[in-house]
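This is what each chain is made of:
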Amino acid sequence: MTSIQVGDPRVAASPFAIGDPGRAGTELPAGPPGVRIGQSDVEFSAASLPGMVVRAVTMRGLLHRANEQPRQDAFAIARHRPAPDTPARAVAVVCDGVGSLGRSDEAAVLVSRRLAELGASGAAWPDAFPAVNGELRAFAGEPPRGDAREAARLGMATTAVAVAVHRTAEEWIGEVAWVGDSSLWHLGDDGRWTAITGTAEGDDDDFHSTAVRPMPTADGACAFQNFRVPAGALFVMSDGIANPLKWCDDVRTTLAHWWERPPDPFTFAAQAAFARKSHVDDRTVVGIWPDEVGTGAGDPA
Amino acid sequence: MNDERISERRGVEAGQLVMPFYLICDVSGSMYDDMAALNEGVERLRRAIVRQPVVDDVAQICIMSFSDTAKVVMPLSQMSETSVPTLAVEGGTNYSSAFQELARVIEDDREDLKRQGYKIYRPCAFFLTDGQPLDNHWQRTFTSTLTYDKTTGTGMKSHPIFVPFGFRDAPEDVLRKLAYPRDRGKWYHARNTGIEQALAGILDIIMNTVISSGLSAGAGQPTLIQQSPAAGSGIVQGDSEYDDDYI
């Protein structure tokens, strides 16, 4: 490998960093085009709904870039329009494909889009998850028996967290459901981050470890809860960004500062890709802020 | 640093993921003619890690030597931020001293890293030896210092994944008993091959294990990926035969 220096135009990492960016964040070259032809390294979207402003981004982590593997995270956003006199709701789904299985990127795309479609149609999450779990199981097919390497190459699985929420003058009111360790966070007006979903880890006292129960599951069940939180903003995340947020004071402080108000979508994408040493997983985050200017510019409500 | 880079640096690096590896090298008298090959192999390992920034950011390496006694010759470090010392030949082949020092160093490193807020993966120890143990109680020492009994809660809870590599006079039946734990540890033995080739093959396995494991960290499912010997290397690999009931 040719030596790469800081600032080299071959490096494709975000210009944003929190703390030590690590050598990967400053030296890793962009590398060859992705192995999934047509899949981009970064996808992002912006939306405005009555009382809400939405930013969403998913990106290939530096680790997948180094390994010449595809991005395995995905998001989908949608709008649920219930009865005429009730407020429109934002629907946001984030999925994180299981890295050890070769087709998990397909699982993440399928599950995020189907859950968002069902959320947009008004389906309750405890009904939507089993339905999509069944679709994923059918799509994945039966793994080959007796050949672990081939089963891993052809296998697929993903976490999922799905949110449907609307904004009143005072608070966020919504429902969230999840399978695995993707999560929903609230950023308060005081700059404090609070996990709305569980963020349990497999760590014991001695060492860090990870264990998730992804989709497809045996029964299609999901964790579910209603929530009401005041003011602030909501963020739906994969663990690529939730982990540094959980573990690092300076990440919490910096993201609270950057995302106190909705950045423009291009800046939001670059900020979510902040470099930090050893945190090189794919990242996906959907931010939902109150619309403090109007009622969702351009939206017919 | 690129002038255009937008950094928020507050001097705290808590939450960094660390994958520790310990390389314990036999420097007994019988290694006299092989030290150049050993040092070259270790330097090659360093260069391979430094070439991979993603691996270099997460893997930290400690190099120890043992003969009659054991010592740390390079503390747990990021390879790009240190130079590898030259190993020199010493005395006998006392496994127990190596096991005891390794257990002490792993505990100290773990406490130090946790105090600084790092997230640590379970360490992996590569044990290179060319001879049979001269201490009679090596097996008892290994069990009491580097293993953990889940049923009784006794022993070293923060034990490493112990991967022994043997060549020349190292007995295969000893290597089989040192691979730990039973469900994850593997042993490697260089049979019927020249010492230089054996050392090169062994250090290639270690290098590939560190690189592939480092490339799995940070993506949610880190794994110690113990590599198979290259075809024609003369090195064989096997699963642990550690005896849980040994006292």
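Structure first, text after, so check above.
A quick note: this is a predicted structure, and the numbers were derived from the prediction, not measured. (Residues numbered from 1 in each chain as written. Chains lettered and ligands numbered in written order. Predicted model: local features only at pLDDT ≥ 70, side-chain atom pairs only at ≥ 80, totals over all residues.)

Right, let's get into the overall build of chain A. When you go through chain A residue by residue, the secondary structure sums to eight helices and twelve strands. Against the globule reference of 19 Å for 301 residues, chain A gives a C-alpha radius of gyration of 19 Å, in line with a compact fold. Per-residue burial over chain A gives 50% buried out of 301 residues. Across chain A, every contact between residues at least 6 apart in sequence was considered, and the portion connecting residues at least 24 apart equals 71%. (Helix = DSSP H or I, 4+ residues; strand = E, 2+ residues; numbered from the N terminus. Rg over C-alpha atoms; globule rule 2.2 N^0.38 Å. Buried ≥ 20, exposed ≤ 12 C-beta atoms within 10 Å, placed from the backbone. Contact = placed C-beta atoms within 7 Å.)

The next thing to look at is unusual backbone geometry. Residues M215 of chain A and P216 of chain A are joined by a peptide bond in cis, for which omega reads 5 degrees. Mapping P216 of chain A onto the fold places it in the loop between β9 (193–195) and β10 (223–230). Here the amide bond leading from Y180 of chain B into P181 of chain B is cis, since omega sits at -5 degrees, within 30 degrees of zero. Following the sequence through the fold, P181 of chain B ends up in the loop between α5 (172–178) and β10 (186–190).

A few words now on the sheet that holds β9 of chain A. All names here are of chain A. Spatial strand order, β2-β3-β12-β11-β8-β9: six strands in an open sheet with antiparallel pairing. Looking at which strands have only one partner, the edges of the open sheet turn out to be β2 (42–49) and β9. If you compare each strand with its neighbour and ignore which way they point, the axes differ by 15 degrees on average. Sheet topology places strand β11 (residues 233–237) next to strand β12 (residues 283–290); four bridges connect them, and they run antiparallel. Residue pairing across strands places L234 opposite I288, the latter belonging to β12. Here helix α6 (residues 239–247) sits on the sheet and contacts β8 (183–187), β9, β11 and β12; the angle it forms with β12, its principal contact strand, is near 75 degrees. (Pairing = 2+ DSSP bridges. Axes fitted to C-alpha atoms, helices over the stretch in contact; angles between N-to-C directions.)

Before going further, it helps to examine helix α4 (residues 138–146) of chain B. Residues and elements named next belong to chain B. Every buried residue of α4 is listed here: W138, Q139, F142, T143 and L146. The arc that holds the buried residues of α4, viewed along the axis, is 135 degrees, so those residues lie on one side. If you follow the buried residues of α4, they end up packed against α3 (95–115), β9 (161–166) and α5. (Arc of directions from axis to C-beta.)

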